[in-house]
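Residue-level listing of the chains:
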Amino acid sequence: DHPTLAASADGRLELFITGNDGNLWHQWQTAASNGWSGWVSLGNGGARLANGPAVMPSGDRRLETFVVSADGNLWHIWQTSASNGWSGWVSLGQP
């Protein structure tokens with residue numbers, strides 16, 4: 001799977017990839033234009049993730065991530081506030 005890169009509201013880059021374990025993994029710059037954190041799993045909402053992720057900022061600059069699971073459902077997770085924290089997974093069903 002291919003990694004996806006997006007900028008948080010505070011200017012730090014965040015990197016996302018679907019891992020071989022079917023989870024969404026990400027790491028982020030520890031400060032803008034600085035070093036990187038280690039990999040952290042954001043899980044998968046109970047469905048093995050297969051395709052994606054697609055990541056974009058919403059109107060209020062929180063990152064939103066979308067991934068397709070192995071059974072064809074679209075899953076969504078988002079930052080709970082700009083540049084900070086993540087929600088739980090929500091299924092948007094089959095496209």
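Residues numbered from 1 in each chain as written. Predicted model: local features only at pLDDT ≥ 70, side-chain atom pairs only at ≥ 80, totals over all residues. Heavy atoms only, no water.

> How do you make sense of the pairing of strand β7 (residues 74-81) when you look at a structure like this?
For a regular strand, the rule is simple: side chains alternate between the two faces of the sheet. Direction of pairing for strand β6 (residues 63-69) relative to β7: antiparallel, over a ladder of five bridges. If you follow valine 68 over to β7, its bridge partner there is leucine 74. Linkage of β6 to β7, two consecutive antiparallel strands, is achieved through a turn of four residues, within which glycine 72 is found at a positive phi near 90°. Summarising the sheet, β7 and strand β9 (residues 90-91) pair through two bridges and their orientation is antiparallel. (Pairing = 2+ DSSP bridges. Helix = DSSP H or I, 4+ residues; strand = E, 2+ residues; numbered from the N terminus.)

> Mind showing me how you'd approach the sheet that holds strand β2 (residues 13-18) here?
Two modes of strand pairing occur in sheets, parallel and antiparallel, and in both the strands are linked by backbone hydrogen bonds. Spatial ordering of the open sheet is given by β1-β2-β3-β4, a layout of four strands whose pairing is antiparallel. Only two strands of the sheet have a single neighbouring strand rather than two, namely β1 (4-7) and β4 (40-41). Across two bridges, the pairing between strand β3 (residues 24-28) and β4 is antiparallel. What sits directly across from tryptophan 25, in β4, is serine 41.

Honestly, it's all geometry; don't read function into it.
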